[in-house]
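# Close look at the chain arrangement
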Amino acid sequence: MPEKQTKQALYSRPGFLFLGIMLVAFNLRPSITAIGPLIPMIREDLGLSNGWAGFLTTLPLLTFATFSLFSAAIGKKLGNSQAILLALLILLIGSIVRVLGGPHWLYIGTGLTGIGIVICNVLLIPLIKNRLPKKIGIVTASYTTGMTLTAAIASGISAPLAIDLNLGWQGSLLPWAGLIILGIIIWSPQAKFPKPNINMHANEVKINVWKSRLAWQVSLFMGIQSLLFFTIVAWLPDMMITRGLSPVEAGVLMSLIQLIGLIGTFISPIIAVKFKNQVGIILVLGSMYLIGFSSLFVHILWVNYVGLTLVGLGMGSSISLAYTLIGLRTGSEKVTASLSGMSQSAGYYLAALGPLLFGVAFDIFGNWDHLIYLMLACTLLFTFFGVKSGRARVIGIRD
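Read on for a plain summary of the structure. Because the structure is predicted, anything quoted here is derived from the model rather than measured. (Residues numbered from 1 in each chain as written. Predicted model: local features only at pLDDT ≥ 70, side-chain atom pairs only at ≥ 80, totals over all residues. Heavy atoms only, no water.)

### As for the overall build of the protein
In plain terms, the rule: Per the convention used, a helix needs a DSSP run of H or I reaching at least four residues, while a strand needs a run of E reaching at least two, with both numbered from the N terminus. It is over C-alpha atoms that the radius of gyration is taken, and the globule rule equals 2.2 Å times the number of residues to the power 0.38. Three exposure classes are used, based on accessible area relative to the maximum for each residue type with a 1.4 Å probe and protein chains only: buried under 20%, partly exposed in between, and exposed over 50%. In this analysis, two residues are considered to be in contact whenever any of their non-hydrogen atoms come within 4.5 Å of each other.
The secondary structure content of the protein amounts to 16 helices and 0 strands. Expected size for 399 residues packed as a compact globule is a radius of gyration near 21 Å; at 21 Å, the protein falls within 12% of this value. C-alpha extents for the protein along the principal axes are approximately 65 × 50 × 30 Å. With 399 residues in all, the protein has 53% of them scored as buried. Long-range contacts, defined as pairs at least 24 residues apart, comprise 84% of the intrachain contacts of the protein with a sequence gap of at least 6.

In structure tokens form, the structure reads like this:
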């Protein structure tokens, strides 16, 4: 019995919990970003059309948007720690299933990976608020930075693994299952703690986030920053190729923008939690976007690079700030989970819409300036909803 209590005491320490959170975070992007550079190889090997090959990148976004709505309920039923463990198991199964061979297994496995990832995405935020309430800023900064870093690594090494090491696309994707297994091993002790007693909050005022103006403001802020990111990722390389960059150079530029964003990803939440409201930070980020996107009107590459550096810092800061606001604008773990699901659902639906909107506009007008117009319009919306979300209020109290 004493040995069991000693182990439980070890697992309950903030340091061990933090390690588990980081291992979970490391697994939330590689399954998605690793597949992008492999699409031509997958398309040729499985005989897919361009449309079905492109759907491989759209499917995870649609899965995220849809299952974000159910993740909070899963966390309530099982407990957030147990639900995250279940999600990692689903992610592992999906990662294995999609390399079994054949288009059907590929799409089924990709869908399963999306379900596993989004449950973790939604429930990590309320778990951090509940288990590490005094460290929301630093923990959010750390796990979003880790998530972004592994995403960049996965996109960078997937093609070399497949081609240079002659592993093929299946062999390139499968090693990421090892990282998931490690995450499961480190996280599994957290699932042994008892599920919170739902009767403890029996007298708590029930809050419907879908009827809260503040919840919608936070959700739309999350959505607009997601739209900015995924639209730029989808279309900026093509735009820069028309300005003289090679496809390789355009890809490197996009990777550098994301790596520069890591600085903002880490620093933004740490700064945000030091203030009662986050309006000032939002205004700074909005200004960075306005300057950065406007620089693209100038057809001089060094001017574009300077502007895109600001955009990269803004995008990195925006995602971690959005996660932080979900915790800061809610008063209880239950409401945090509900808002996390709501905001991420809105975010990923809008993220899927952005690249499509510009694609239609480009088909009609054939002018890359319309990408800049769209980004500037979204920047104004980003700033508007960000200022509304950044005020020191709590859903259901000062909403």
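### Points about the nonpolar core
Here is the rule: Nonpolar cores were defined as sets of buried Ala, Val, Leu, Ile, Met, Phe, Trp, Tyr and Cys residues, with membership established by side-chain atoms within 4.5 Å.
Formed by 90 residues in total, the largest nonpolar core has its most connected members in Ile 21, Tyr 143, Trp 187, Phe 293 and Tyr 323. Excluding residues within four positions of it along the chain, Trp 187 makes contact with Leu 17, Gly 20, Ile 21, Val 24, Ser 81, Ile 84, Leu 85, Leu 88 and Leu 127.

### Some words on empty space enclosed by the protein
Our working rule: Definitions used throughout: a 1 Å grid over protein atoms alone; a cavity as a set of points that fits a 1.4 Å probe which cannot get out; a pocket as an open set with protein on both sides within 12 Å along at least five of seven lines; a lining residue as one with an atom within 4 Å of a point. Grid points are joined across faces, edges and corners, and a volume is the space filled by probe spheres set on the points. Any residue outside Ala, Val, Leu, Ile, Met, Phe, Trp, Tyr, Cys, Pro, Asp, Glu, Lys and Arg is labelled polar, Gly included; the first ten of those are nonpolar and the last four are charged.
Evaluation of the coordinates by the stated rule reveals 2 cavities of 30 Å³ or more. As a volume, the largest cavity reaches approximately 50 Å³. Taken together, Ile 125, Ile 128, Lys 129, Ile 136, Thr 140, Tyr 323, Thr 324 and Gly 327 make up the full set of residues lining the largest cavity. Going through the elements one at a time, α7 (103–131), α8 (136–163) and α14 (301–328) are the ones with two or more residues in the lining of the largest cavity. For the lining of the largest cavity, the class distribution of residues is 4 nonpolar, 3 polar and 1 charged. Counted as a void, the second largest cavity has a volume near 40 Å³. Lining the second largest cavity we find Ser 31, Ile 32, Ile 35, Leu 56, Pro 60, Arg 98, Thr 110 and Thr 113. When contributions to the lining of the second largest cavity are tallied by element, the ones reaching two or more residues are α3 (30–33), α5 (50–78) and α7.

### Focus on helix α15 (residues 333–365)
Defined as follows: How far a helix is expected to stretch is found by multiplying one less than its residue total by 1.5 Å.
The terminal C-alpha atoms of α15 lie 47 Å apart, and with 33 residues this matches the ideal 48 Å at 1.5 Å per residue to within 8%. Just downstream of α15, Gly 366 is the residue with a positive phi angle, here 60°.

### Notes on the environment of Leu 62
Looking at the element boundaries, Leu 62 is found in helix α5. Relative accessible area serves as the criterion here: at 32%, Leu 62 is assigned to the partly exposed category. Sequence separation between Leu 62 and Ser 345 is 283 residues; the distance between their C-alpha atoms is 8.9 Å.

### What about the environment of Thr 66?
Examined against the element boundaries, Thr 66 turns out to sit in helix α5. Its relative accessible area of 29% is what places Thr 66 among the partly exposed residues. C-alpha of Thr 66 to C-alpha of Ile 115: the two residues are 49 residues apart in sequence and 9.0 Å apart in space.

### A closer look at helix α12 (residues 247–272)
In an α-helix, one turn spans 3.6 residues; hence positions three or four apart end up facing the same way. Under the 1.5 Å per step criterion, the end-to-end length of α12 is 37 Å for 26 residues, consistent within 8% with the ideal 38 Å. For α12, the complete set of buried residues consists of Ala 250, Leu 253, Met 254, Ile 257, Gly 261, Leu 262, Gly 264, Thr 265, Ser 268, Pro 269 and Ala 272. On its buried face, α12 sits against α8, α11 (213–241), α13 (279–294) and α14.

### Topic: the packing of aromatic side chains
Here is the rule: Pairs were defined over the aromatic rings of Phe, Tyr and Trp, the Trp ring being its six-membered one, requiring ring centres within 6.5 Å. Orientation was assigned from the angle between planes: stacked under 30 degrees, edge-to-face over 60, tilted for the rest.
Applying the stated criterion across every chain, the model contains 13 aromatic pairs. Geometrically, the ring pair formed by Phe 229 and Phe 230 is edge-to-face, given 5.1 Å between the ring centres and 85° between the ring planes.

### Examining unusual backbone geometry
One non-glycine residue, Asn 166, lies in positive phi territory at about 60°. Note that Asn 166 resides in the loop between α8 and α9 (168–173).

### Quick notes on the environment of Pro 355
Relative to the helices and strands, Pro 355 resides in helix α15. Relative accessible area serves as the criterion here: at 19%, Pro 355 is assigned to the buried category. Sequence separation between Pro 355 and Gly 386 is 31 residues, and the spatial gap between their C-alpha atoms is 22 Å. Here Pro 355 is in contact with Phe 230, Thr 231, Ala 234 and Trp 235, once residues within four sequence places are set aside.

### What to know about the side chain of Thr 110
Summarising the element assignment, Thr 110 is placed in helix α7. In this view, Thr 110 contacts Leu 56, Leu 59, Pro 60 and Arg 98; residues no more than four positions away in its chain are not counted.

### Comments concerning the packing of α13 against helix α16 (residues 369–390)
Rules: Throughout, an axis means a line fitted to C-alpha atoms (over the contacting stretch in the case of helices), and angles, computed between N-to-C directions, take values from 0 to 180 degrees. Any angle that is under 35 degrees is reported as roughly parallel, and any over 145 degrees as roughly antiparallel; angles of 65 to 115 degrees are reported as roughly perpendicular and all others as oblique.
Following both chains from N to C, one finds α13 and α16 inclined at 175°, their axes separated by 9 Å at the closest point. By the angle between their axes, α13 is roughly antiparallel relative to α16. Contacts between α13 and α16 involve Val 279, Ile 282, Leu 283, Leu 285, Gly 286, Tyr 289, Leu 290, Phe 293 and Ser 294 from the former and Ile 372, Met 375, Leu 376, Thr 379, Leu 380, Phe 382, Thr 383, Gly 386, Val 387 and Gly 390 from the latter. Residues that form the contact of α13 with α16 fall into these classes: 13 nonpolar, 6 polar and no charged.

### Quick word on the side chain of Ser 343
Locating Ser 343 in the fold gives a position in helix α15. Setting aside its immediate chain neighbours within four residues, Ser 343 contacts Ser 219, Met 222 and Ile 326.

### Here we look at a nonpolar patch on the surface
Here is the rule: Note on patches: the residues involved have over 30% relative accessible area and no salt bridge, like charges join within 9 Å, and the nonpolar side chains Val, Leu, Ile, Met, Phe, Trp and Tyr join within 5 Å. Surface accessibility in these figures is a Shrake-Rupley result with a 1.4 Å probe; residues are shielded only by whichever protein chains are displayed. Here, a salt bridge means any Lys or Arg side-chain nitrogen found within 4 Å of an Asp or Glu carboxyl oxygen.
Nonpolar side chains collect at one region of the surface, where Leu 149, Ile 153, Ile 157, Val 248, Val 252, Leu 256 and Leu 259 lie side by side and expose about 570 Å² of accessible area between them. Listing elements by their share of the nonpolar patch, those giving two or more residues are α8 and α12. Here the element with the most residues in the nonpolar patch is α12; it accounts for 4 residues. The exposure class of Val 252 is partly exposed, given its relative accessible area of 43%.

### A look at the packing of α7 against α14
The condition is simple: The hand of a helix crossing depends on one turn: near helix anticlockwise from the far one by less than a right angle means left-handed, and clockwise means right-handed.
Interaxial distance between α7 and α14 falls to 10 Å at its minimum, and their mutual angle equals 50°. The angle between α7 and α14 places the two elements in the oblique class. Crossing of α7 against α14: the hand is right-handed. Between α7 and α14, the residues in contact are Asn 121, Ile 125 and Lys 129 and Tyr 323, Ile 326 and Gly 327, respectively. Its residues assigned to classes, the contact of α7 with α14 shows 3 nonpolar, 2 polar and 1 charged.

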